[in-house]
Amino acid sequence: MKLRHIFTLAMSFLVTAPVYAQVTAPALPPNPPSMPMPNIDMVPPSSVRVKDVVTFRGARFNQLQGLGLVSGLNGTGDSANSVPYTRRALKNMLERFGMPQIDESTMRPKNVAAVMVTANIPPFSKPGQQIDVTVSSLGDSKSLESGMLIQTPLRGADGRIYAVAQGAISLGGFGVSTEQGASAQKNSVTVGRIPNGALVEKEIPVTLMDDNGYIEAYLINPDFTTATELADKINKSLLGNAKATDASTVRVFVTSTYRNNLTELIARIENLTISPKNNAAKVILDERTGTIIIGQNVSIGPVSVAHGGLIVKIDAQTTVSQPNPFSQGQTQTVTNTQITFDEKKGDTLVLVSGSTVGMLVKSLNELGIPPRDLITVLQMIKAAGALNAHLEMH
């Protein structure tokens with residue numbers, strides 16, 4: 001009887017234990033809701049944004065310029081005799097401040113210099129915004145160091161004033177001289193800049209869309225292939241009806257969706273990506289400095305390059321010729337010329353089809369060929385028709 005009672009209790013415990021454990025076990029915390037992944041446009045390394053290689057018609061810089069005076073120079077200003085217009089400009093400025101008539105010939109300012117002030121005003125600049133200006137000496141001023149530009153109006157090509165410049169000049173160099181004529185100079189001391197030195201006073205209007213409803217994108221580096229690719233990308237993105245009209249221009253018809261919101265349309269076009277690998281292959285050579293710039297997609301056809309050198313050396317030795325005793329001759333100097341030559345064994349380099357200019361330059365460097373000879377080798381390869389690229393000399 002007792003065994004049956006113990007068995008019944010054991011069976012009931014086995015049946016109810018899982019239920020009890022299930023009821024009393026602490027519940028696990030719910031999984032946090034998954035955050036949506038941000039929509040990131042992963043640009044492959046071989047692609048660039050349109051905004052990095054394109055400008056839009058109307059959104060351009062404009063050049064401003066003005067004639068001004070710099071004061072506060074430490075005796076390094078324009079000389080009165082050789083630069084008369086500095087005295088005239090100073091006289092006009094003093095008269096505008098209400099000063100009485102001043103005899104121009106009596107003015108001997110050594111701390112004033114006439115300067116040309118130039119600036120590039122970006123598109124969409126609003127009144128009150130600041131832009132950088134460049135100040136350059138017009139006369140015979142020795143230095144603009146520690147100078148202060150007096151308020152100067154900056155005019156555009158139409159003669160209107162769009163900005164006003166004023167401020168302390170930053171040279172980025174120095175010049176020191178003594179009365180004995182010794183001098184030391186680093187960088188230019190007659191050209192300086194004034195960061196944020198001009199205030200925009202008038203906005204230059206910008207027209208992005210013409211009367212027919214078109215905007216135009218201009219490639220910085222004109223290329224037919226790239227222009228066609230850009231037009232296809234715009235059409236496939238349903239941003240407008242685009243067509244490449246030449247190697248640098250892509251015309252886009254603005255649909256009614258973006259007719260009143262050109263900013264959004266241009267922003268979407270700028271964030272498209274195109275492949276720069278379609279640019280023309282190009283090699284740029286600078287013989288003055290021995291610099292070689294190699295673009296992408298530059299390849300070389302099958303060619304064999306042999307490079308050698310012939311060194312000719314001419315030595316001139318001067319000797320004294322003495323006459324024989326009692327011959328009544330005269331002592332004379334005689335120049336003996338000796339010519340020697342040394343012809344080096346030429347090095348031969350064979351390139352197979354598909355080789356690149358980089359492989360060629362590396363191989364020639366290993367042969368010890370100097371950069372100027374590399375330029376000559378590249379010119380000869382181009383003349384042989386084996387260089388599949390445009391060759392430019394600077």
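A few points on the structure. All of these numbers come straight from a predicted model, not from anything done at the bench.

### Examining the overall build of the protein
If you tally the helices and strands in the protein, you get six helices and 24 strands. The buried share of the protein, taken over its 394 residues, is 29%. Carbon together with sulfur atoms contributes 55% to the accessible area of the protein, which is approximately 26100 Å² in total.

### Quick word on the side chain of serine 143
Along the chain, serine 143 turns up in the loop between strand S5 (130-137) and strand S6 (148-155). When its relative accessible area of 7% is taken as the criterion, serine 143 is described as buried. Separated by 3.1 Å, the side chain of serine 143 and the backbone nitrogen of glutamate 145 make a polar contact. Apart from residues lying up to four places away in sequence, serine 143 is in contact with Leu73, Thr76, Leu171 and Val189.

### Digging into the pattern of salt bridges
Inspection of the entire model under this criterion finds nine salt bridges. When the shortest N-O distance is used, the salt bridge between arginine 57 and aspartate 210 registers 3.7 Å. In this pair, arginine 57 sits in the loop between strand S2 (54-56) and strand S3 (62-71) while aspartate 210 sits in the loop between strand S10 (191-200) and strand S11 (214-219), placing the two residues 153 residues apart along the sequence. Classification of arginine 57 by relative accessible area gives partly exposed; the value is 21%. The salt bridge partner of glutamate 264 is arginine 268, with a shortest N-O separation of 3.1 Å. Note that glutamate 264 and arginine 268 are positioned in helix H4 (residues 262-270) at a spacing of four residues, about one turn of the helix.

### Considering the nonpolar core
Of all hydrophobic cores here, the largest spans 24 residues; its most connected members are Val117, Val133, Val135, Leu149 and Leu154. Counting only elements with at least two residues in this core, the list comes to S3, strand S4 (113-121), S5, S6, strand S7 (161-168) and S10. Top element by residues in this core is S4. It accounts for five residues. In contact with leucine 149, other than residues within four places in its own chain, are Leu69, Val70, Val115, Val117, Val135, Ala165, Gln166, Gly167, Ile169 and Ile194. Core analysis: the second largest hydrophobic core is formed by 23 residues, Val50, Phe56, Ala217 and Ala231 among them.

### What to know about H4
All buried positions along H4 are accounted for by Leu262, Leu265, Ile266 and Ile269. Within H4, the buried residues cover an arc of 95° as seen down the axis, which keeps them to one side.

### Quick word on the environment of leucine 219
You can see leucine 219 is positioned in strand S11. Residues leucine 219 and valine 54, spaced 165 residues apart in sequence, show a C-alpha to C-alpha distance of 4.6 Å. Once residues lying within four places of it in the same chain are set aside, the contact partners of leucine 219 are Val53, Val54, Thr226, Ala227, Leu230, Ala247 and Ser248.

### Structural notes on the sheet that holds strand S16 (residues 291-294)
One open sheet holds the three strands; their spatial order is S16-S15-S24, and the pairing between them is mixed. The sheet is open, and its two edges are formed by S16 and strand S24 (390-393), each paired on a single side. Ignoring strand direction, the axes of neighbouring strands in this sheet form an average angle of 15°. Bridge count between strand S15 (residues 282-286) and S16: four bridges; the pairing is antiparallel. Bridging from a neighbouring strand, aspartate 286 pairs with threonine 291 of S16.

Procedures and definitions
- Residues numbered from 1 in each chain as written.
- Predicted model: local features only at pLDDT ≥ 70, side-chain atom pairs only at ≥ 80, totals over all residues.
- Heavy atoms only, no water.
- Helix = DSSP H or I, 4+ residues; strand = E, 2+ residues; numbered from the N terminus.
- Buried < 20%, exposed > 50% of the residue type's maximum accessible area, 1.4 Å probe, protein only.
- Areas by Shrake-Rupley, 256 points an atom, 1.4 Å probe, with all protein chains shown as cover.
- Polar contact = N/O pair within 3.5 Å; in protein donor to acceptor, adjacent residues only side chain to side chain.
- Contact = heavy atoms within 4.5 Å.
- Salt bridge = Lys/Arg side-chain N within 4 Å of Asp/Glu carboxyl O.
- Core = buried A, V, L, I, M, F, W, Y, C linked by side-chain atoms within 4.5 Å.
- Arc of directions from axis to C-beta.
- Pairing = 2+ DSSP bridges.
- Axes fitted to C-alpha atoms, helices over the stretch in contact; angles between N-to-C directions.

Scope: geometric values only; no functional claims are made or implied.
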